[in-house]
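Residue-level structural notes
Letter by letter, the chains look like this.
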Amino acid sequence: REFTQMEPPTHPGDSPVELEFTEENLESALYQLYFDPDMEHKSVAQKWLHQAQASARAWQFCWALLGPDKLPEVQFFAASTLHVNISHHWSSLPTEQHESLRRQLLSHILRFSSGPKMVLTRLCVALAAMALNLIPQVWSQPVADMVRAFQPQEPDCEGGPVAAQGPQLHCLALLELLTVLPEEFQSRRLTQPRRSQLREALAGEWGVVCSMLRQLLQSQDSSDQVKEKVLRCLSSWVGVDVPLGESHELVQDCFGALSNPELFDTAVETIVTAISQPDCQRYTDALVNLVPLVLGLHDQLKKAVQDGDVETSHGICRIAVAMGETHSRVLLEQVEHWQEFLALVNMILFCTAVPGYYPVNETTSSLTLTFWYSLQDDILSFEEEKQAAYLQVYRPVYFQLVDVLLYKSHYPPQEDYSSWSSDDKEQFRIYRVDISDTLMYVYEMLGAELLSNLYDRLGRQLMDPQLSAAWQDTEVLLFGFQSIAETIDVNYSDVIPGLIGLIPRINISNIMLADTVMYTIGSLAEWLADHPVMLAGILPMVLEGLMKAELSVSSVSTLKRICRECKYDLGSYAHDILSVSQDALVKDVHKSSQCMWLMQALGFLLSALPEDQLLLRLHSLISPHVQQLDALATEEPNPTGKQSIVHILGMLSSLFTTLDVTRQADSFEGASSQTLGSSRNPVVAVLQQVFPLIQRLLSRWLHDPEVVEAVCTVFEKSVRTLLQDFGPVVAQLSGMLGQIYSTFPQASALDLARQIVHIFAGEEQHLSNIQSLAEVLTSATLAIFQRGPRDHPDIAESFMHFHAQIFKKKPSLYKPDRIDVKALFHSGIVSLKFPETPAVKAASVFFTELLPRWKDVPLLAEALQADGKLLTETVLQAVGGGAPRSLTEHFSEVLLGLNRHCPALLSQWLRETLQTPGFPSAQVSAEQKHTFSQQLLREQTNKRHVKEIVKEFSLLCRGLPGSGY
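Residues numbered from 1 in each chain as written. Predicted model: local features only at pLDDT ≥ 70, side-chain atom pairs only at ≥ 80, totals over all residues. Heavy atoms only, no water.

Let us now look at the overall build of the protein. In terms of regular secondary structure, the protein is built from 45 helices and zero strands. With respect to the principal axes defined by its C-alpha atoms, the protein has extents near 105 × 90 × 60 Å. For the protein, with 965 residues in total, the buried portion stands at 52%. Residue pairs at least 24 apart in sequence account for 74% of intrachain contacts in the protein once pairs closer than 6 positions are excluded. Here the protein has roughly 42,500 Å² of accessible surface; of this, 50% comes from carbon and sulfur atoms. Considering the protein, the positive charge centre built from 73 side chains and the negative charge centre built from 112 side chains are found 6 Å apart. (Helix = DSSP H or I, 4+ residues; strand = E, 2+ residues; numbered from the N terminus. Buried < 20%, exposed > 50% of the residue type's maximum accessible area, 1.4 Å probe, protein only. Contact = heavy atoms within 4.5 Å. Areas by Shrake-Rupley, 256 points an atom, 1.4 Å probe, with all protein chains shown as cover. Lys, Arg positive; Asp, Glu negative; His and termini not counted. Charge placed at Lys NZ, Arg CZ, Asp CG, Glu CD.)

Below, the structure written as structure tokens:
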């Protein structure tokens, strides 16, 4: 069939133009949509076709487009149009035409039962949507009527018989219709009462469906295609919570389909869906009757595992886990059937232990891990006497489980592992993390005996000369220890001293074993803090690992944990730790992120040293890096130099994050309360020493955001750690920040200034410096707002947070002749209009802090009088659809601030802005706007209530009230 290209009408809404929704024009537009290579033509055609679907003529033209001579794409559009109109424009069809539409739909479904499948499905969905519109008042028993309509030789809508196209095709069409009916119910947006009403009506029809599905599944004459459709139909109805008590016989029949390879996958999905419904627990007898059927699959499971049939073993495992995990408590309580449930648990253990390496040889074992959590939780939730009885039965199973989990955690032989793809290696790593979490959980049931078990096995491996264990055997036992020690307090365990004694005996020449050794030591850092005498045997291994790039992550993170937990006991090891660390840094053993961690570790270590040692060690540590920075400051800017500068500044930031001598007196009882006497804080001394260097550096790199941000981060981390001790640097830093920002404004400078205001705005000696800094930053930023801040959302965000902090801490900084408060107020309104969420949130915080102080700050009252109406209008416009709904909560806080602190003014502004027709949305009436205004003005205290009022109004403005949002 030849199509002609068309130019879609430009005003499809006008009544004369409705004539243009003709059969020929629609087919031409569909040709454009599906076959025209020009994307613009496609887009125009699609918009026009949407208009056609929503037009009054849609009810008529779709039948012509369903003609047998049309292309499948055209027929599909027609069927979709019927569904769209039934779902969304049902009220536009006169009631007297409902019966005719129903008969036409049934007739066309029968006609299309031989295909195309996509058209048949859309017609079935359309009839399902119609049934949901008419149930139960108009169409009380749609399922029974549908089943009758699909009997052979059923009269069609014209009264004549439909030619029998074969019982199987009619049967498949009926099953398609019955499958999509509950699916359409699930996807429909309905009010809760209507959903409950429809659910009840559909449940009432389940008996008819269930009986027919059983008959078809048991029939010798049913083809595999029909049986597969039966299984899918059952899955669909399970979604509307049909009771297992009424369908358990049908579910039992589904187990028979598992022996048919063609039906296996669908049968698994159906059975899993059916038995995973929590509501099934009400039908204990039905569940108990299903357990033997699940156990009956064990031989099929064993054969599948033996034959390497991954799909079959995976499917049967899913069924066993669904039964065990969803209903473990109910099945545990059936004491007379305890042996059957124990058999099910052992069947799941068999699935956990399936041979092969995950994910290369098998993917089944991972399905079972959550079952062991559920079973343990249920056992431990019983009262003591009952719990003891269950533990007697299941503790041995859980000890077997530990053996299985450790076996499954084994690394494969090195040559096999080397051949794995990076994706397989990553999946195996995640799988081991899941096993680690399971072992940690299992410890709650097995307790100290589990640690003793692991320790005894490790001891035999390392001490018995006749046992030449592979490195994987040692690694997996350490992995078990680490999994438990990582989150469980093992301080009381009597096996940890022995374990710490065994670790130095381990040959860590294999990288993967060495990695686990490091992580195991790290997990015992808290224990080492209580038993510092054991550090001597352990630290050399960690420092040895520190010089190996392959152990970078594990060795650095372990050293960091030891330095954090044991810092007061590391004095005698400080020299070794610092010299090895410095060596590793100079030789570039580690990547940048690990260098940062290492500096944090050294910060913890240095914090606990006596003052004379601290200054010496600190100078020794940072001197090489400061010298390198000094050399870089003289070079012309280049990419390599920039990378090195950012890296060195990052290391200094990391060091200053944890180097905190002020906590020494608080944390360590033996420390002097005058740790530093009258001396400067060592971090302050370093900052003052390197200040000229940083200024020289910035003179060359001032226009590079990354370098400026790295410089600001050094000071920000320092001020966060030192708090008031940072005071001596404030004057210099304020001057430098002002210079940086005036030359090249950057958000990082504003963020650092906010920290200074937060900590020092209350201290008289710093006030003039902070005042000057605030003026410079404000003046430069307002100039950006005057030029147009759209390209600088990060600056707008940081600027709003900066001034919110000033309003909160020191509003007296706003001197009438020094800071343009009116322009500042207006910049807040502009920031509320940004499309970037962080900027809008920051502006909301700014107004939330500003409004309580509008009477106290000179000129702020004038700014509010002048621009308060504009602020109100901006917020209402955003709430009415101008901003994403996720931000409504923040706008509601601004409205609450206005109402709490200037209610009379807000009342006036609401009245003036909301009286504009169509504002903030054409979807809301004048009465709805008045109601919103009254509700809002009545609520001055309850933040949650205001949020609800504003949210509801926002939904009204967007045409979404009562839509399930």
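Segmentation of the protein into domains returns domain 1 (283–446), domain 2 (769–853) and domain 3 (856–964). One C-alpha centre belongs to domain 1, the other to domain 2, and the line joining them spans 58 Å. (Domains from an automatic or database assignment.)

Further remarks concern helix H5 (residues 98–111). Relative to the 20 Å expected for 14 residues at 1.5 Å per residue, H5 spans 20 Å between its end C-alpha atoms, a close match to the ideal helical length. Considered for burial, the residues of H5 that qualify are His 98, Leu 101, Arg 102, Leu 105, Leu 106, Ser 107, His 108, Ile 109 and Leu 110. Residues of H5 that are buried make contact with helix H3 (58–65), helix H4 (72–88), helix H6 (117–134), helix H7 (142–149) and helix H8 (167–187). (Expected span 1.5 Å × (residues − 1).)

Opposite charge on two side chains permits pairing when their charged atoms draw close. All chains considered together, the criterion is met by 36 salt bridges. In this structure, Lys 70 engages Glu 27 in a salt bridge whose closest nitrogen and oxygen atoms are separated by 2.9 Å. Pair noted here: Lys 70 is in the loop between H3 and H4 and Glu 27 is in helix H1 (residues 23–35), with a separation of 43 residues, a long-range link. Each member of the pair Lys 70 and Glu 27 is classed as buried. In this structure, Lys 947 and Glu 889 form a salt bridge, with 3.3 Å as the shortest nitrogen-oxygen distance. Note that Lys 947 is positioned in helix H45 (residues 943–957) and Glu 889 in helix H42 (residues 888–901), a separation of 58 residues in sequence. Since its relative accessible area comes to 23%, Lys 947 is described here as partly exposed. The class of Glu 889 is partly exposed, set by a relative accessible area of 40%. (Salt bridge = Lys/Arg side-chain N within 4 Å of Asp/Glu carboxyl O.)

Note that Leu 832 resides in helix H39 (residues 821–832). Through-space distance from the C-alpha of Leu 832 to that of Phe 847 is 9.9 Å; in sequence the pair is 15 residues apart. With residues near it in sequence (within four places) discarded, Leu 832 still touches Val 840, Ala 843, Ser 844, Phe 847, Leu 871, Thr 874, Val 875 and Phe 891.

Counting through the fold element by element, Glu 176 comes out in helix H8. Excluding residues that lie within four positions of it along the chain, Glu 176 makes contacts with Lys 117, Thr 121, Cys 124 and Lys 229.

What follows covers the confidence of the model for the protein. Fine structural detail should not be taken from predicted coordinates in areas where pLDDT scores are low. This prediction gives the protein a mean pLDDT of 89; 94% of its residues lie at or above 70. Taken as a whole, residues 1–19 scores under 50 in pLDDT and shows 30 contacts with residues more than four places along the chain or in a different chain. Note that pLDDT drops below 50 for residues 154–165; the model gives that stretch 23 contacts with residues more than four away or on any other chain. (pLDDT = per-residue confidence, 0-100.)

Turning next to the environment of Ser 468. With respect to the helices and strands, Ser 468 occurs in the loop between helix H21 (448–463) and helix H22 (471–485). For Ser 468 and Leu 551, which are 83 residues apart along the polypeptide, the C-alpha to C-alpha distance reads 25 Å.

What follows deals with a nonpolar patch on the surface. Taken together, Tyr 31, Tyr 34 and Phe 35 make up a surface patch of nonpolar side chains, about 280 Å² in accessible area. With respect to the helices and strands, Phe 35 occurs in helix H1. (Patch = residues over 30% accessible without salt bridge, like charges linked within 9 Å, V, L, I, M, F, W, Y side chains within 5 Å.)

Once that is clear, we can look at the packing of helix H30 (residues 611–634) against helix H33 (residues 682–701). One can describe the packing of H30 onto H33 by two numbers: an axis separation of 10 Å at closest approach and a directional angle of 5°. When the interaxial angle is binned, H30 and H33 end up roughly parallel. In this structure, H30 contributes Leu 614, Leu 615, Leu 618, Ile 622, Val 626, Leu 629, Asp 630, Ala 633 and Thr 634 to the contact, and H33 contributes Pro 682, Val 686, Val 690, Leu 693, Arg 696, Leu 697 and Arg 700. When the residues that make up the contact of H30 with H33 are grouped by side-chain class, the tally is twelve nonpolar, one polar and three charged. (Axes fitted to C-alpha atoms, helices over the stretch in contact; angles between N-to-C directions. Parallel < 35°, antiparallel > 145°, perpendicular 65-115°, else oblique. Nonpolar A, V, L, I, M, F, W, Y, C, P; charged D, E, K, R; others polar.)

With that out of the way, let us pick up the packing of aromatic side chains. By the definition in use, this model includes 26 aromatic pairs. Ring geometry for Phe 61 versus Phe 77: centroids 6.5 Å apart, planes at 10°, classification stacked. Highlighted residues: Phe 61 in helix H3 and Phe 77 in helix H4, separated in sequence by 16 residues. Overall, Phe 61 belongs to the buried group, its relative accessible area being 4%. Among the residues examined, Phe 77 registers a relative accessible area of 8% and is labelled buried. Where Phe 371 meets Trp 372, the ring centres are 4.9 Å apart and the plane angle is 70°; that geometry is what we call edge-to-face. The same class applies to Phe 371 as to Trp 372, namely buried. (Phe/Tyr/Trp six-rings, centres within 6.5 Å; stacked < 30°, edge-to-face > 60°.)

The next subject is unusual backbone geometry. Each neighbour pair has its own omega, and for Tyr 358 with Pro 359 the value is 0°, a cis peptide bond. Within the secondary structure, Pro 359 sits in the loop between helix H16 (338–352) and helix H17 (369–380). Cis geometry is adopted by the peptide bond preceding Pro 920, which originates at Phe 919 and carries an omega value of 0°. If you trace the backbone, Pro 920 turns up in the loop between helix H43 (903–914) and helix H44 (926–938).

Here we take up the nonpolar core. Trp 237 and Phe 715 are the most contacted members of the largest nonpolar core, which has 331 residues in total. With 13 residues, H6 is the largest single contributor of residues to this core. Once residues lying within four places of it in the same chain are set aside, the contact partners of Trp 237 are Val 143, Leu 178, Leu 181, Pro 182, Leu 202, Trp 206, Val 209 and Val 242. (Core = buried A, V, L, I, M, F, W, Y, C linked by side-chain atoms within 4.5 Å.)

With that out of the way, let us pick up the packing of H1 against helix H2 (residues 39–53). At their nearest, the axes of H1 and H2 sit 8 Å apart, and the two run at 140° to each other. Here H1 lies oblique to H2, going by the angle between them. Here H1 and H2 pass one another in a crossing that is left-handed. Across the interface between the two elements, Asn 25, Leu 26, Ala 29, Leu 30, Gln 32, Leu 33, Tyr 34 and Phe 35 of H1 pack against His 41, Lys 42, Ala 45, Gln 46, Trp 48, Leu 49 and Ala 52 of H2. For the contact of H1 with H2, the class distribution of residues is ten nonpolar, four polar and one charged. (Left-handed = near helix turned anticlockwise from the far one by under 90°.)

The next thing to look at is the side chain of Glu 27. Of the residues examined, Glu 27 reaches a relative accessible area of 2% and is grouped as buried. A polar atom in the side chain of Glu 27 sits 2.9 Å from the side chain of Lys 70. (Polar contact = N/O pair within 3.5 Å; in protein donor to acceptor, adjacent residues only side chain to side chain.)

This paragraph deals with the environment of Leu 693. Mapped onto the fold, Leu 693 is located in helix H33. Excluding residues within four positions of it along the chain, Leu 693 makes contact with Val 626, Leu 629, Asp 630 and Ala 633.

Turning our attention to helix H40 (residues 837–850). Turn by turn, an α-helix covers 3.6 residues, leaving residues three or four places apart pointing in a common direction. Here H40 is 14 residues long and its end C-alpha atoms lie 20 Å apart, about the 20 Å a rise of 1.5 Å per residue gives. Among the residues making up H40, those that are buried are Ala 839, Val 840, Ala 842, Ala 843, Ser 844, Phe 846, Phe 847, Glu 849 and Leu 850. Check the buried side of H40 and you find it contacts helix H38 (793–809), H39, helix H41 (860–882) and H42.

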